[in-house]
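Tertiary structure, described
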Amino acid sequence: LCFYPVKSIARNKVWKDDLTLFTTDVKVSKNSAKSNCSAGGKLWEEGKKTKNKKKQAEYYLLSEKYLRRAVEIHPIYNDAWLLLGNVLFDSREEISEAAKCYLNILGRNPLHTNAKQNIDIVLQKSEDRELQLKYYQELIKIFPSDFNTNYRLGVLYGRYLKQLDKGIEYLEKAVSVNSKSSDALKDLGTAYG
């Protein structure tokens, strides 16, 4: 009985904030996917907040380390994969690697809204049309009737790859899903023209 109050008081300083708590706990529970994910997620958040580039790089590097450990321990841990994709994109603009993380989630859980949003965000930051095509072709297998995926493929094939027939095919599918999209209608009209 005497030991527990002493232990509780000694641990109080760890509760200063989430960053301190999670980065302390991960050292104690280094084989816990949850602890590694929590520490990695909090470090990513801190990295996004700071204006100090050196400190930001340190936060992102540690975050990536913990998140990679989390997915090593628990390979289907969606939260850890999502955060790892975020860190890879935010720290080094690793578009392909981030997209792989999000696609990994969507292959298991197509209803994961954040993974679906994030893969589209990072792919739209790329000017590598072949890279975009590669991932949108993977997404269309998962979401054959999705407006956004069909629209993105239509634009890629029609505007950037100059394959109008394929572009029209995907744009028509996008318009059939959402006939009120002015962008899809405009691009389809341009492709017909």
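Scroll up to find the structure.
These figures come from a predicted structure and were not determined experimentally.

Some remarks on the overall build of the protein chain
Scanning the protein chain from N- to C-terminus turns up 11 helices and 0 strands. Of the regular secondary structure in the protein chain, the N- to C-terminal order runs α-α-α-α-α-α-α-α-α-α-α. The buried share among the 193 residues of the protein chain stands at 45%. In the protein chain, once contacts between residues fewer than 6 apart in sequence are set aside, the share between residues at least 24 apart is 46%. Entry remark: accessible area of the protein chain is about 11300 Å², with carbon and sulfur atoms responsible for 54%.

Things to note about the packing of aromatic side chains
Under the definition given, this model contains 2 aromatic pairs. Between F147 and Y151, the ring centres sit 5.8 Å apart and the planes meet at 5 degrees, which makes this aromatic pair stacked. Placement of the pair is F147 and Y151 together in helix α9 (residues 147–160), with a separation of 4 residues, close to one helical turn. Geometrically, the ring pair formed by Y157 and Y170 is stacked, given 5.7 Å between the ring centres and 5 degrees between the ring planes. Of this pair, Y157 sits in helix α9 while Y170 sits in helix α10 (residues 164–177), and the two are 13 residues apart along the sequence. Just as Y157 is buried, Y170 falls in that class too. One cation-aromatic arrangement involves K116 over F143; the distance from NZ or CZ to the ring centre is 4.7 Å. Positioned above the aromatic ring of Y160 is the side chain of R129, whose terminal nitrogen or guanidinium carbon lies 3.7 Å from the ring centre.

Side note on helix α6 (residues 95–108)
When the terminal C-alpha atoms of α6 are compared, their 20 Å separation across 14 residues agrees well with the 20 Å that a helix rising 1.5 Å per residue should span. Against α5 (78–92), α7 (113–124) and α8 (129–142) lie the buried residues of α6.

Things to note about helix α4 (residues 53–73)
Structurally, the α-helix is built with 3.6 residues per turn, so residues lying three or four positions apart point the same way. Under the 1.5 Å per step criterion, the end-to-end length of α4 is 30 Å for 21 residues, consistent within 8% with the ideal 30 Å. Residues of α4 that are buried: Q56, Y59, Y60, S63, E64, Y66, L67, A70 and V71. Taking the backbone nitrogen of K54 as reference, a side-chain oxygen 3.0 Å away marks N52 as the first, capping residue of α4.

A look at unusual backbone geometry
If you check the backbone angles, E93 has positive phi at about 50 degrees while not being a glycine. Judged by relative accessible area, which is 55%, E93 ranks as exposed. Although it is not a glycine, K162 sits at a positive phi angle of roughly 55 degrees. Positionally, K162 belongs in the loop between α9 and α10.

Some words on the environment of K42
Looking at where K42 falls in the secondary structure, it is placed in helix α3 (residues 33–49). Among the residues examined, K42 registers a relative accessible area of 15% and is labelled buried.

Description of the pattern of salt bridges
Inspection of the entire model under this criterion finds 14 salt bridges. K42 is paired through a salt bridge with E45; the nearest N and O atoms lie 2.8 Å apart. Taken as a pair, K42 and E45 lie in helix α3 at a separation of 3 residues, close to a single helical turn. Residues K49 and E46 are paired through a salt bridge, measuring 3.2 Å at the closest nitrogen-oxygen approach. One end of the pair is K49 and the other is E46, both in helix α3 and 3 residues apart, which spans about a single turn. With relative accessibility at 18%, the residue E46 sits in the buried group. Overlapping salt bridges bring together E64, R68, R92 and E94 as one network.

Reading guide: rules and limits
- Residues numbered from 1 in each chain as written.
- Predicted model: local features only at pLDDT ≥ 70, side-chain atom pairs only at ≥ 80, totals over all residues.
- Heavy atoms only, no water.
- Helix = DSSP H or I, 4+ residues; strand = E, 2+ residues; numbered from the N terminus.
- Buried < 20%, exposed > 50% of the residue type's maximum accessible area, 1.4 Å probe, protein only.
- Contact = heavy atoms within 4.5 Å.
- Areas by Shrake-Rupley, 256 points an atom, 1.4 Å probe, with all protein chains shown as cover.
- Phe/Tyr/Trp six-rings, centres within 6.5 Å; stacked < 30°, edge-to-face > 60°.
- Lys NZ or Arg CZ within 6 Å of the ring centre and 35° of its normal.
- Expected span 1.5 Å × (residues − 1).
- Polar contact = N/O pair within 3.5 Å; in protein donor to acceptor, adjacent residues only side chain to side chain.
- Salt bridge = Lys/Arg side-chain N within 4 Å of Asp/Glu carboxyl O.

Any link to function would need more than the numbers given here.
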